[in-house]
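Geometric and topological summary
Chain by chain, the residues run as shown.
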Amino acid sequence: VVPAEQHTFVRLLTRWHGVTVPRRGLDALLDTIEILQGSSLPASELEREILPARVLDYSPGDLDALMASGNVVWIGREPLGDRDGRIALYLADALPGLLAPAPPPELSERAQRIAGVLREMGASFFAPLHQAAGGGFPGDTHAALWELVWAGIVTNDTLHPLRNLRNAKDAERGHRELRDGPPGSPEFLRRFRARTGGSHAAEGRWSLVAQRCGALVTPTVWSANIAMQLLARNGIVMRETAIAENIPGGYPVLYPALKTMEENGSVRRGMFVAGLGAAQFAHTSAIDMLRSLRAEPDRPEALHLAAADPANPYGSLLPWPG
């Protein structure tokens, strides 16, 4: 196979993700999550750019339904300031095989207490969790919950806390300026939310990720699962893929699994994209698509579409248009 130019690979990624020809419905949403699962995505862009680009007429209610039914789980990766963060979506059945083993992080005393309460009580709403964690100022429990979220320890069965996180500071500032109004009035309801920690924390049930996924797989099985997931997400996996996806241990962790897949005939090895890592592994369907795109004239709009996609992890590793 003659290596394709890097801009052709950019177009492959866009088509591989269905951005150029999005589909409708729950099946399309599930397929999108299956491709994206494990990838660190900005929470603020998830429902504004990433999912609507792949699912026609995307509705947040569809994602809520999948989470409420237990089919989809979200896990925090890292905060981005105090109103945003990176998260990863997973299909519940695939979560145990894709979640990377990690050493326990250092947590504050209240965060440790909340984790212990969730371990004993199971999934819990904010109010009983706040009382069981020692009560006091609800904002302290709220902060401890997000500490656990960004550590990848706690999740919620809805996306409402994430959706409201960006407005949390403004809401808290407004709460401090309000006085109690008559029961049922907007002032009363806003004051009630302030006393219970805010609607962004009170919605949905909080639970431990460990209780959602059960026992994790061994590092060897995990590396094989991640290699297959990266092939499903990118079509072609190479050293730059491991860098872009921030895989723990880097490409050496993936290489043995990819080599075994090549020996089994499930993937091919070669130099498919020019100027990138020499050891590249690809699905046959990705190679065929790369060939077809190489024969087509370049379309600047496709390159701009790929460059603007917040779910694209490659950043400066590939040549984006100016």
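Owing to the predicted nature of the structure, the values given are computational and were not obtained by experimental measurement.

1. What about the packing of helix α2 (residues 25-36) against helix α4 (residues 60-68)?
- For the pair α2 and α4, the least separation of the axes is 11 Å and the interaxial angle reads 70°. As judged from the angle between their axes, α2 and α4 are roughly perpendicular. Classified by chirality, the crossing of α4 by α2 is right-handed. Taken together, the residues of α4 that come into contact with α2 (itself represented by Leu26, Leu29, Leu30 and Ile33) are Asp62, Leu63 and Leu66.

2. Comments concerning the confidence of the model for the protein chain
- Of all residues in the protein chain, 82% have pLDDT values of 70 or greater, and the mean over the chain is 84.
- Confidence drops under pLDDT 50 across residues 170-180; counting only partners more than four residues distant or on other chains, this segment forms 13 contacts.
- Residue range residues 188-199 is modelled with pLDDT below 50. Its contacts to residues more than four positions away, or to other chains, number 21 contacts.

3. A word on the sheet that holds strand β2 (residues 41-42)
- An order of β2-β5-β4 is seen for the three strands of this open sheet, with the pairing classed as antiparallel. Edge positions in the open sheet fall to β2 and β4 (72-80), since each of these has one partner strand only.
- Alignment of β2 against strand β5 (residues 84-91), held across two bridges, turns out to be antiparallel. Residue pairing for β5: Leu41 is matched across the bridge by Ile87.
- Most of the contacts of helix α8 (residues 138-150) go to β4, to which it runs at about 105°, and overall it touches β4 and β5.

4. A word on the sheet that holds strand β10 (residues 280-282)
- The strand order β8-β10-β9 describes an open sheet built from three strands, whose pairing is antiparallel. Strands with a single pairing partner mark the edges of an open sheet, and in this sheet they are β8 (236-237) and β9 (268-270).
- Pairing analysis gives three bridges linking β9 to β10, with the strands arranged antiparallel. Pairing of Arg269 across the sheet is with Phe281, part of β10.

5. Some remarks on unusual backbone geometry
- Unlike most non-glycine residues, Asp57 shows phi in positive territory, near 55°.
- Residue Asp57 is classed as exposed on the basis of its relative accessible area of 58%.
- Located in the positive-phi region is Asn246, a residue other than glycine, with phi close to 55°.

6. Focus: the environment of Ile33
- Structurally, Ile33 is set in helix α2.
- Between the alpha carbons of Ile33 and Tyr90 there is a distance of 6.8 Å; along the sequence they are 57 residues apart.
- What Ile33 contacts, discounting residues up to four positions off in sequence, is Leu63, Leu66, Val72, Leu89, Tyr90 and Leu91.

7. Some details on α2
- In this model, α2 (twelve residues) spans 17 Å end to end at C-alpha, consistent with the 16 Å of a helix rising 1.5 Å per residue.
- Turning to α2, its buried residues are Ala28, Leu29, Thr32, Ile33 and Leu36. Buried positions in α2, seen along its axis, are confined to an arc of 135° and lie on one side of it.
- Immediately downstream of α2, the backbone of Gly38 shows phi near 90°, a positive value.

8. Description of the pairing of β5
- Judged by how many residues are buried, β5 sits mostly within the fold: seven of eight residues are covered.
- Sheet topology places β4 next to β5; eight bridges connect them, and they run antiparallel. Within β5, the residue paired with Leu80 across the bridge is Asp84.
- Linkage of β4 to β5, two consecutive antiparallel strands, is achieved through a turn of three residues, within which Gly81 is found at a positive phi near 75°.

9. Thoughts on the nonpolar core
- Grouped together as the largest cluster of nonpolar side chains are 40 residues, with contacts concentrated most on Leu63, Trp74 and Ile87.
- If one sorts the elements of this core by residue count, α8 sits on top with six residues.
- Here Trp74 is in contact with Met67, Ile87, Ala88, Leu89, Trp146, Val149, Thr155, Asn156, Thr158, Leu159 and Leu162, once residues within four sequence places are set aside.
- If you look at the next biggest cluster of nonpolar residues, it comprises 26 residues, including Cys213, Ala227, Leu258 and Ala279.

Parameters and conventions
- Residues numbered from 1 in each chain as written.
- Predicted model: local features only at pLDDT ≥ 70, side-chain atom pairs only at ≥ 80, totals over all residues.
- Heavy atoms only, no water.
- Axes fitted to C-alpha atoms, helices over the stretch in contact; angles between N-to-C directions.
- Helix = DSSP H or I, 4+ residues; strand = E, 2+ residues; numbered from the N terminus.
- Parallel < 35°, antiparallel > 145°, perpendicular 65-115°, else oblique.
- Left-handed = near helix turned anticlockwise from the far one by under 90°.
- Contact = heavy atoms within 4.5 Å.
- pLDDT = per-residue confidence, 0-100.
- Pairing = 2+ DSSP bridges.
- Buried < 20%, exposed > 50% of the residue type's maximum accessible area, 1.4 Å probe, protein only.
- Expected span 1.5 Å × (residues − 1).
- Arc of directions from axis to C-beta.
- Core = buried A, V, L, I, M, F, W, Y, C linked by side-chain atoms within 4.5 Å.

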